[in-house]
Amino acid sequence: LPSFTPQGLSTLAWAFAAAGHSSPALLDAVAAAAAARLAEFDPQGLAQLAWSLAKACRPDDALFAALARAAEARIGQFNAQDLVNTAWAYAKLGHPDPDLFRAIARSLAAQRLDGVSAPHIAKTAWAFAKAGGGAHPPL
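### Side note on the side chain of D97
Working step 1: Within the element layout of this structure, D97 appears in the loop between α5 (80-92) and α6 (98-111).
Working step 2: In this structure, D97 is in contact with A68, R69, E72 and Y90, ignoring residues within four places of it in sequence.

### Overview of the nonpolar core
Working step 1: The biggest cluster of nonpolar side chains holds 45 residues, and the ones touching the most others in it are L38, L49, L67, Y90 and I104.
Working step 2: Those elements giving two or more residues to this core turn out to be α1 (6-18), α2 (24-35), α3 (43-55), α4 (61-73), α5, α6 and α7 (118-131).
Working step 3: With near-sequence residues (within four places) excluded, Y90 lies in contact with A50, F64, L67, A68, H95, P96, D97, L100 and F101.

### With respect to the environment of H21
Working step 1: Mapping H21 onto the fold places it in the loop between α1 and α2.
Working step 2: Separated by 35 residues in sequence, H21 and A56 place their C-alpha atoms 7.8 Å apart.

### Details of α3
An α-helical turn contains 3.6 residues, so a residue and the one three or four places further along point in the same direction.
Working step 1: Relative to the 18 Å expected for 13 residues at 1.5 Å per residue, α3 spans 18 Å between its end C-alpha atoms, a close match to the ideal helical length.
Working step 2: Counting buried positions over the 13 residues of α3 gives 11, a clear majority of the element.
Working step 3: Buried within α3 we find P43, G45, L46, A47, Q48, L49, A50, W51, S52, L53 and A54.
Working step 4: In this fold, the buried residues of α3 make contact with α1, α2, α4, α5 and α7.
Working step 5: Once α3 ends, the next one or two residues include C57, with phi positive near 55°.

Thresholds applied
Residues numbered from 1 in each chain as written. Predicted model: local features only at pLDDT ≥ 70, side-chain atom pairs only at ≥ 80, totals over all residues. Heavy atoms only, no water. Helix = DSSP H or I, 4+ residues; strand = E, 2+ residues; numbered from the N terminus. Contact = heavy atoms within 4.5 Å. Core = buried A, V, L, I, M, F, W, Y, C linked by side-chain atoms within 4.5 Å. Buried < 20%, exposed > 50% of the residue type's maximum accessible area, 1.4 Å probe, protein only. Expected span 1.5 Å × (residues − 1).

Spelled out as structure tokens, the structure:
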């Protein structure tokens, strides 16, 4: 996996997770390869990686802590879909990160929710309710 681009790593993880094919060894290898290169991921790649690992139930506390810091650093570049998927991933794995959730709430509020679908709003509300930690969704 060292020759994969960040987009290639997140897309590979997404493909397996979306297909419902949890390959623990492969996803752990993707996570390890991604951990060393998170600064190279774009916002969509960060969100896609978090969503994929959560969907496949592959928690990795160290990776998710590093992912949270990388996401926070670029939170203003995330679109609404990336924000929703990131919040969902952290809540799904029971990995609340109050700083990340506050950053997501601020970014969603700044983007306004006009273009966000009802299912995405519901997903966001669920993620914030499950994560707790004092951050509130901008609904």
